[in-house]
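# Observations on chain architecture
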Amino acid sequence: MKQTVLAILGSLVAVSAAGEPSFTQPVDCELGKTCYIQNYVDRDPGPAYLDVACDSLTYNGHKGTDFAMSGNLDINTYFRGFDVLAAADGVVRGVRNTMKDKANPTDTVDVSGKECGNGVVIDHGDGWETQYCHMKYQSVRVKQGQTVKASDVLGQVGLSGRTEFRHLHFSVRKDGKVVDPFDADNTGTCASDLRQLWDTPIPHVPTGLIAVGIDDEVPPYDDISALPISDTNWQGQPKALVIWAFGFGSDAGDILHMNVNGPNGTLFETSVVLKKEQARYSRAYGKKRPSQGWPAGNYVGTATLQRQGQAVAQKEVRFTLD
């Protein structure tokens, strides 16, 4: 990461120019709680990559904003899913709704020519259009030629096309050229007062925790990354207690502190230094069941991400042992 603190861009700047659309958030979720932004538009013209904050939450050639679903969701929220919303008034110019979702984010599927998966393209007039990718199989509810209003439901977030995690890829184009909605004037700079195309300015958050959970062994990364739901009630005495954390946007030198507190105080804790930049990562730490068993009662597992001595993200999971 190029920055060492959380950046907030354009917190007071969201005025649209004449003839320019103003966009609502294209997913019905709460940023920082049930969703987060995993990738921004790549602003570097060469093989390197930079997001709008001159940070590295993007990858080479990325042409949109990825709204990803957080973990630690309750069961009702998980199965209800997340609606994809029209970001502005317009006319539907294209739809795909026939690609099946991956059974697992790491599945290898041939999507040549259909990398967007199930999706929608909306024409907003005057050369402006938006594209919505990776939507759920047969969830798209609009048709080509249909007029839509801002915040109309288009379908649901899915796992179709070229994707390794459940998210909506949202792209903005003007006359066929990519526009970063976090930099409406295409300044190419990292100033703090960039004008955004969002009707309500969205802060740039370069790092955070997606989820934290408890298991009886170190869970495979594929399981953690598949939108985990944390179990808060444990039956019996697990063979071990392992706290795991799943995060995004790590920087070399970040510290991840994990601890589990039980009825008798701190059960165990550790601090892990993250040694490199990673778009998504996981860490786990635990303890085997003692001979006398785990004390019955309520437990809390907490993960705290620190950057240069400052806590920048924290999540916890609560559970009960008999």
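Cut-offs applied
- Residues numbered from 1 in each chain as written.
- Predicted model: local features only at pLDDT ≥ 70, side-chain atom pairs only at ≥ 80, totals over all residues.
- Heavy atoms only, no water.
- Phe/Tyr/Trp six-rings, centres within 6.5 Å; stacked < 30°, edge-to-face > 60°.
- Helix = DSSP H or I, 4+ residues; strand = E, 2+ residues; numbered from the N terminus.
- pLDDT = per-residue confidence, 0-100.
- Contact = heavy atoms within 4.5 Å.
- Pairing = 2+ DSSP bridges.
- Axes fitted to C-alpha atoms, helices over the stretch in contact; angles between N-to-C directions.
- Salt bridge = Lys/Arg side-chain N within 4 Å of Asp/Glu carboxyl O.
- Buried < 20%, exposed > 50% of the residue type's maximum accessible area, 1.4 Å probe, protein only.
- Patch = residues over 30% accessible without salt bridge, like charges linked within 9 Å, V, L, I, M, F, W, Y side chains within 5 Å.
- Areas by Shrake-Rupley, 256 points an atom, 1.4 Å probe, with all protein chains shown as cover.
- Core = buried A, V, L, I, M, F, W, Y, C linked by side-chain atoms within 4.5 Å.
- Polar contact = N/O pair within 3.5 Å; in protein donor to acceptor, adjacent residues only side chain to side chain.
- Disulfide = S-S within 2.5 Å.

## Here's the deal with the packing of aromatic side chains
Evaluated as defined, the whole model comprises ten aromatic pairs. Seen from their ring centres, phenylalanine 170 and tryptophan 198 are 5.6 Å apart, and the 35 degrees between their planes marks the pair as tilted. Taken as a pair, phenylalanine 170 in strand β9 (residues 167–174) and tryptophan 198 in the loop between β10 (177–178) and β11 (208–215) lie far apart in primary sequence, 28 residues in all.

## Re the confidence of the model for the protein
For residues with low pLDDT, the predicted coordinates do not support detailed interpretation. When pLDDT is averaged along the protein, the result is 90; 93% of the residues meet or exceed 70. Confidence drops under pLDDT 50 across residues 1–15; counting only partners more than four residues distant or on other chains, this segment forms 57 contacts.

## Some words on the sheet that holds strand β12 (residues 240–250)
Strand order in the open sheet made by the three strands is β11-β12-β15, with antiparallel pairing throughout. Edge positions in the sheet fall to β11 and β15 (278–288), since each of these pairs with one other strand and no more. The average angle at which neighbouring strand axes cross in this sheet is 15 degrees, direction not considered. Pairing of β11 with β12 involves seven bridges; the strand directions are antiparallel.

## Thoughts on the pattern of salt bridges
Two side chains carrying opposite charge are able to pair once their charged atoms lie near each other. With the rule as written, the count across this model stands at twelve salt bridges. The shortest N-O distance in the salt bridge between aspartate 254 and arginine 307 comes to 2.6 Å. Placement of aspartate 254 in the loop between β12 and β13 (255–262) and of arginine 307 in strand β16 (residues 297–307) is noted, with a sequence separation of 53 residues between them. Arginine 307 carries the same exposure label as aspartate 254, and that label is buried.

## A look at a nonpolar patch on the surface
A surface patch of nonpolar side chains, amounting to about 300 Å² of accessible area, comprises Ile75, Phe79 and Ile229. Its place among the elements puts isoleucine 229 in the loop between α2 (221–225) and β12. Taking the relative accessible area as the measure of exposure, isoleucine 229 reaches 33% and is therefore partly exposed.

## Observations regarding the pairing of strand β4 (residues 90–96)
As a general feature of sheets, a regular strand has side chains that alternate between the two faces. Pairing between β4 and strand β7 (residues 147–148): two bridges, direction antiparallel. Within the sheet, the bridge partner assigned to valine 91 lies in β7 and is threonine 147. Note that β4 and strand β5 (residues 118–125) share five bridges and pair antiparallel. Each residue of the ladder has a partner; that of glycine 94, found in β5, is valine 121.

## Observations regarding the nonpolar core
Judged by nonpolar contacts, the single largest core of 47 residues is most densely connected at Val120, Tyr132, Leu154 and Phe170. Counting only elements with at least two residues in this core, the list comes to β1 (35–39), β2 (65–69), β5, β6 (128–135), β9, β11 and β12. Leu241, Ala245, Leu274 and Val317 belong to the second largest nonpolar core, which has 22 residues in total.

## Considerations on the sheet that holds strand β17 (residues 310–321)
In space, the four strands of this open sheet follow the order β14-β13-β16-β17, with antiparallel pairing throughout. A single partner strand is all that each edge strand has here, and the edge strands are β14 (265–273) and β17. Each strand of the sheet is rotated relative to its neighbour by a mean of 15 degrees, with strand direction disregarded. Two elements, β13 and β14, share eight bridges in a ladder whose sense is antiparallel. Residue pairing for β14: asparagine 261 is matched across the bridge by threonine 266.

## Observations concerning the side chain of arginine 307
The exposure class assigned to arginine 307 is buried, which follows from its relative accessible area of 2%. Side-chain polar atoms of arginine 307 contact the backbone oxygen of glycine 249, separated by 3.1 Å. Within the structure, arginine 307 has its side chain in polar contact with the side chain of aspartate 254 (distance 2.6 Å).

## Remarks on the state of the cysteines
Tallying each qualifying case throughout the model produces three disulfides. In this model cysteine 29 forms its disulfide with cysteine 35; the gap between the sulfur atoms is 2.1 Å. Taking the torsion about the sulfur-sulfur bond, which here is approximately 80 degrees, the covalent link between cysteine 29 and cysteine 35 counts as right-handed. Each member of the pair, cysteine 29 as well as cysteine 35, carries the same accessibility label: buried. Paired by a disulfide, cysteine 54 and cysteine 190 hold their sulfur atoms 1.9 Å apart. On the sign convention where negative means left-handed, the S-S torsion of about 75 degrees between cysteine 54 and cysteine 190 marks this disulfide as right-handed. Of this pair, cysteine 54 sits in the loop between β1 and β2 while cysteine 190 sits in the loop between β10 and β11, and the two are 136 residues apart along the sequence. For cysteine 190, a relative accessible area of 27% translates into the label partly exposed.

## Concerning the side chain of histidine 169
For histidine 169, the location among the structural elements is in strand β9. A distance of 3.0 Å separates the side chain of histidine 169 from the side chain of aspartate 66, its partner in a polar contact. Discounting residues that sit within four places of it in the chain, histidine 169 has contacts with His62, Lys63, Gly64, Thr65, Asp66, Gln131, Tyr132, Cys133 and His134.

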